[in-house]
Amino acid sequence: HASGVIAVVIAAIQFTSTKYLVALEAEDRLTTSSFWQIIELLMTGIAFGLIGLQASEIIYQADSTRLLNLFCYGTLISLVAIAVRLLWFAAVWMLGNLKKTPVHEGAPGTFAEVIVMTWSGMRGLVTLILALSIPMIDGMEQVREDAIVMMISILFFTLVVPGLTLPFVVRILKVQVNHEEDTAVPELLKLAQYAA
């Protein structure tokens with residue numbers, strides 16, 4: 001008769017504990033990872049489908065002036081999100097330059113990397129879930145419809161536009177990929193095979 005939420009949290013802590021992960025065989029870890037990736041892909045598809053079904057009906061019934069206002073609000077929210085992300089990565093980059101070492105593994109090393117990391121900070125499922133989580137009760141229908149239209153414009157400016165233009169941004173800024181990790185894995189495998 002305990003709380004279901006607390007039970008799920010405790011189960012998650014148990015399943016992600018080091019002792020449990022060490023007990024798993026490599027094949028089990030790969031299978032588990034693949035399973036959850038497929039579930040995540042299905043949930044994302046369902047969320048996008050639900051938004052698409054609801055959005056088409058909302059757009060056909062809505063006043064064009066209201067739609068334009070909501071689209072502008074969504075654009076403004078997108079610009080603020082991109083600006084905050086740019087400021088965050090710029091601060092991390094400048095802090096790394098002051099310390100002469102990266103603040104964190106994967107932190108930007110150049111300002112060009114700051115731009116690319118900012119531009120690739122795409123929003124997706126969480127944005128959709130926020131719009132879908134607004135209850136459909138009396139008095140909230142308009143709020144839900146407005147949120148869905150704003151979320152669509154946010155997704156357009158933070159997912160579609162960056163997704164389509166990211167290769168060009170990387171090429172223009174001449175950002176190079178660090179292949180050290182990619183070459184290190186085969187070398188370590190050769191060493192392990194030789195040792196075995």
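Procedures and definitions
- Residues numbered from 1 in each chain as written.
- Predicted model: local features only at pLDDT ≥ 70, side-chain atom pairs only at ≥ 80, totals over all residues.
- Heavy atoms only, no water.
- Helix = DSSP H or I, 4+ residues; strand = E, 2+ residues; numbered from the N terminus.
- Contact = heavy atoms within 4.5 Å.
- Areas by Shrake-Rupley, 256 points an atom, 1.4 Å probe, with all protein chains shown as cover.
- Axes fitted to C-alpha atoms, helices over the stretch in contact; angles between N-to-C directions.
- Parallel < 35°, antiparallel > 145°, perpendicular 65-115°, else oblique.
- Phe/Tyr/Trp six-rings, centres within 6.5 Å; stacked < 30°, edge-to-face > 60°.
- Buried < 20%, exposed > 50% of the residue type's maximum accessible area, 1.4 Å probe, protein only.

Peer 1: How should the overall build of the protein be read in this particular structure?
Peer 2: Scanning the protein from terminus to terminus reveals 8 helices and 0 strands. In the protein, of all internal contacts separated by at least 6 residues, the share reaching a separation of at least 24 is 74%. As displayed, the protein has an accessible area near 14500 Å², and 71% of this comes from carbon and sulfur atoms.

Peer 1: Help me out: how do you make sense of the packing of helix α5 (residues 111-119) against helix α7 (residues 141-173) in this one?
Peer 2: A packed helix pair is summarised by two numbers, namely the angle formed by the two axes and the spacing between the axes. One can describe the packing of α5 onto α7 by two numbers: an axis separation of 9 Å at closest approach and a directional angle of 170 degrees. On the basis of the axis angle, α5 is roughly antiparallel to α7. Residues Ala 112, Ile 115, Val 116 and Trp 119 of α5 lie in contact with α7, whose contacting residues are Val 161, Pro 162, Thr 165, Leu 166, Val 169, Val 170 and Leu 173.

Peer 1: I tried to follow the packing of aromatic side chains on my own but got confused; where do I start?
Peer 2: The geometry of an aromatic ring pair comes down to the distance between the two centres and the angle between the two planes. As enumerated under the stated definition, the model contains 4 aromatic pairs in all. Ring centres 5.7 Å apart and planes at 50 degrees place the aromatic pair Phe 71 and Phe 157 in the tilted group. Of the two residues, Phe 71 sits in helix α4 (residues 64-99) while Phe 157 sits in helix α7, which places them 86 residues apart along the sequence. Its relative accessible area of 25% is what places Phe 157 among the partly exposed residues. Measuring from ring centre to ring centre gives 5.1 Å for Phe 156 and Phe 157, while their planes differ by 85 degrees; the resulting arrangement is edge-to-face. Classification of Phe 156 by relative accessible area gives partly exposed; the value is 39%. An aromatic cluster is present here, built from Phe 71, Phe 156 and Phe 157 joined pairwise through their rings.

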